[in-house]
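Per-entry structural report
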Amino acid sequence: PVEYLGLDPSLVLVAGQRESVDVEVRAVRSVAARLGPETVRVRVDLTGLEAGETVVDVTPSDVQVPPGASVRRITPARLYLVTAAATTRSVNVVPQVRGTPAAGFTIQRVHVEPSAVTIKGPRSTIEARGEVSTVPIDVSGSRRTVAQSVGLMLPAATYLTREQTVRVTVELVEERMSQQQPGSPDVRGTAAGR
């Protein structure tokens with residue numbers, strides 16, 4: 001896994017970042033048995049980087065390995081990164097609901113908490129954005145209220161500054177109940193004929 005450190009808070013990575021690189025390691029057998037993504041980490045220092053395109057070399061000193069292991073090769077050894085001026089903005093959260101409740105039930109209300117989140121990303125992307133959508137909540141065949149913590153569908157190169165998920169509650173009611181007016185008598189009886 002690759003971790004990016006030291007990027008100026010006024011910038012954001014918009015392209016080129018990799019989640020992982022391949023690292024070839026030489027180690028004694030007892031150490032080699034413990035090698036894996038959890039014990040080998042690549043830390044790329046972006047201190048002093050300015051907005052625009054840049055090439056960052058990944059060297060063996062950027063790789064953390066257990067004692068008794070040494071780095072032989074890193075692929076790719078160069079990362080072509082693009083950074084841009086960053087900004088933050090509060091945007092509204094729009095819940096997305098998918099599916100149809102069970103027969104005889106209907107959606108009465110959809111509530112999301114929090115109703116707004118703060119996102120950070122490239123100024124050009126953030127300034128044109130007033131809302132973000134949730135990952136869809138599926139209510140197919142449901143007979144009772146559905147409540148889930150879900151993620152958000154964020155534009156490329158943007159991320160949340162605080163919350164990582166939001167809570168969406170989809171309240172369902174029986175259709176008969178939703179059509180009856182508050183305070184009106186229950187009219188299920190039969191009328192007398194002449």
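Our subject is the structure that appears above.
The structure contained in this document is the topic of the report that follows. (Residues numbered from 1 in each chain as written. Predicted model: local features only at pLDDT ≥ 70, side-chain atom pairs only at ≥ 80, totals over all residues. Heavy atoms only, no water.)

1. Observations regarding unusual backbone geometry
- Between Thr75 and Pro76 the backbone carries a cis peptide bond, its omega angle lying at -5°.
- With respect to the element layout, Pro76 can be found in the loop between strand 7 (69-75) and strand 8 (78-94).
- For the bond from Glu113 to Pro114, the omega torsion is 0°, close enough to zero to count as cis.
- By secondary structure assignment, the location of Pro114 is in the loop between strand 10 (105-113) and strand 11 (116-122). (Helix = DSSP H or I, 4+ residues; strand = E, 2+ residues; numbered from the N terminus.)

2. Considering the layout of surface pockets
- What the largest pocket holds in volume is close to 370 Å³.
- Taken together, 14 residues line the largest pocket, and the ones lying closest to its centre are Tyr4, Val12, Leu13, Gln17 and Tyr159.
- Of all the secondary structure elements, the ones that give two or more residues to the lining of the largest pocket are strand 1 (2-5) and strand 2 (11-15).
- Top element by residues in the lining of the largest pocket is strand 2. It accounts for 3 residues.
- Tallied by class, the residues present in the lining of the largest pocket amount to 9 nonpolar, 2 polar and 3 charged. (1 Å grid on protein atoms, 1.4 Å probe; cavity = no way out; pocket = protein on both sides within 12 Å on 5 of 7 lines; lining within 4 Å. Points joined across faces, edges and corners; volume = space filled by probe spheres on them. Nonpolar A, V, L, I, M, F, W, Y, C, P; charged D, E, K, R; others polar.)

3. Overview of the sheet that holds strand 17 (residues 166-174)
- What the 3 strands build is an open sheet, ordered 10-17-14; its pairing is antiparallel. In this open sheet, the two strands that pair with only one neighbour each are strand 10 and strand 14 (146-150). Strand-to-strand twist across the sheet, computed as the mean angle between neighbouring axes with direction ignored, equals 20°.
- Note: strand 14 against strand 17, 5 bridges, orientation antiparallel. Its bridge partner lying in strand 17, Val146 is registered against Val170. (Pairing = 2+ DSSP bridges. Axes fitted to C-alpha atoms, helices over the stretch in contact; angles between N-to-C directions.)

4. Notes on the pattern of salt bridges
- Counted according to the given criterion, the structure contains 6 salt bridges.
- Salt-bridge contacts for Asp57 lead to Arg78; the nearest nitrogen and oxygen are separated by 2.9 Å. Of this pair, Asp57 sits in strand 5 (residues 52-57) while Arg78 is found in strand 8, placing the two residues 21 residues apart along the sequence.
- When its relative accessible area of 44% is taken as the criterion, Asp57 is described as partly exposed.
- A salt bridge links Glu127 to Arg123; the nearest nitrogen and oxygen atoms lie 3.8 Å apart. (Salt bridge = Lys/Arg side-chain N within 4 Å of Asp/Glu carboxyl O. Buried < 20%, exposed > 50% of the residue type's maximum accessible area, 1.4 Å probe, protein only.)

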